[in-house]
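So you can see what is in the structure, the chains are spelled out below.
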Amino acid sequence: GPEVQIFLKIDELEKQKKYSEIINMCKDQINITPEWLTPYFYLGIAYANTGNKAKAIELFKYIIKNAPDDPSYKQAKEFLVELNK
């Protein structure tokens, strides 16, 4: 579906460190498909990289709560540990 294209675009923006674009795109996507956790993950990364640590922690906790054993999101736990240091 369209999620694949959106994921590829967000992933490319992340490689380019275009965090404000990631924030906008992820917020839009969360409104469209709130059950899809990938935009929350990238939004957390973008917030962590723009100094909004509290919001990043909130997003990673949300992912862990909703997909605790999903290997696709195991990095969320690692990022949470780092942010809580």
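See the structure shown above.
All values derive from a computational prediction rather than experimental measurement.

Rules behind the numbers
Residues numbered from 1 in each chain as written. Predicted model: local features only at pLDDT ≥ 70, side-chain atom pairs only at ≥ 80, totals over all residues. Heavy atoms only, no water. Axes fitted to C-alpha atoms, helices over the stretch in contact; angles between N-to-C directions. Helix = DSSP H or I, 4+ residues; strand = E, 2+ residues; numbered from the N terminus. Parallel < 35°, antiparallel > 145°, perpendicular 65-115°, else oblique. Contact = heavy atoms within 4.5 Å. Core = buried A, V, L, I, M, F, W, Y, C linked by side-chain atoms within 4.5 Å. Buried < 20%, exposed > 50% of the residue type's maximum accessible area, 1.4 Å probe, protein only.

What follows is about the packing of helix α1 (residues 2–15) against helix α3 (residues 38–49). One can describe the packing of α1 onto α3 by two numbers: an axis separation of 11 Å at closest approach and a directional angle of 10°. Judged by the angle between their axes, α1 and α3 are roughly parallel. Across from Phe7, Ile10, Asp11 and Glu14 in α1, the residues of α3 making contact are Thr38, Tyr42 and Ile45.

Here we take up the nonpolar core. Ile22, Phe41, Tyr42, Leu43, Phe60, Ile63 and Tyr73 are the most contacted members of the largest nonpolar core, which totals 28 residues. Elements with a contribution of two residues or more to this core: α1, α2 (19–32), α3, α4 (53–66) and α5 (74–83). Sort the elements by how many residues they give to this core and α3 lands first, with seven residues. Excluding residues that lie within four positions of it along the chain, Ile22 makes contacts with Ile10, Leu13, Glu14, Tyr42 and Ala46.

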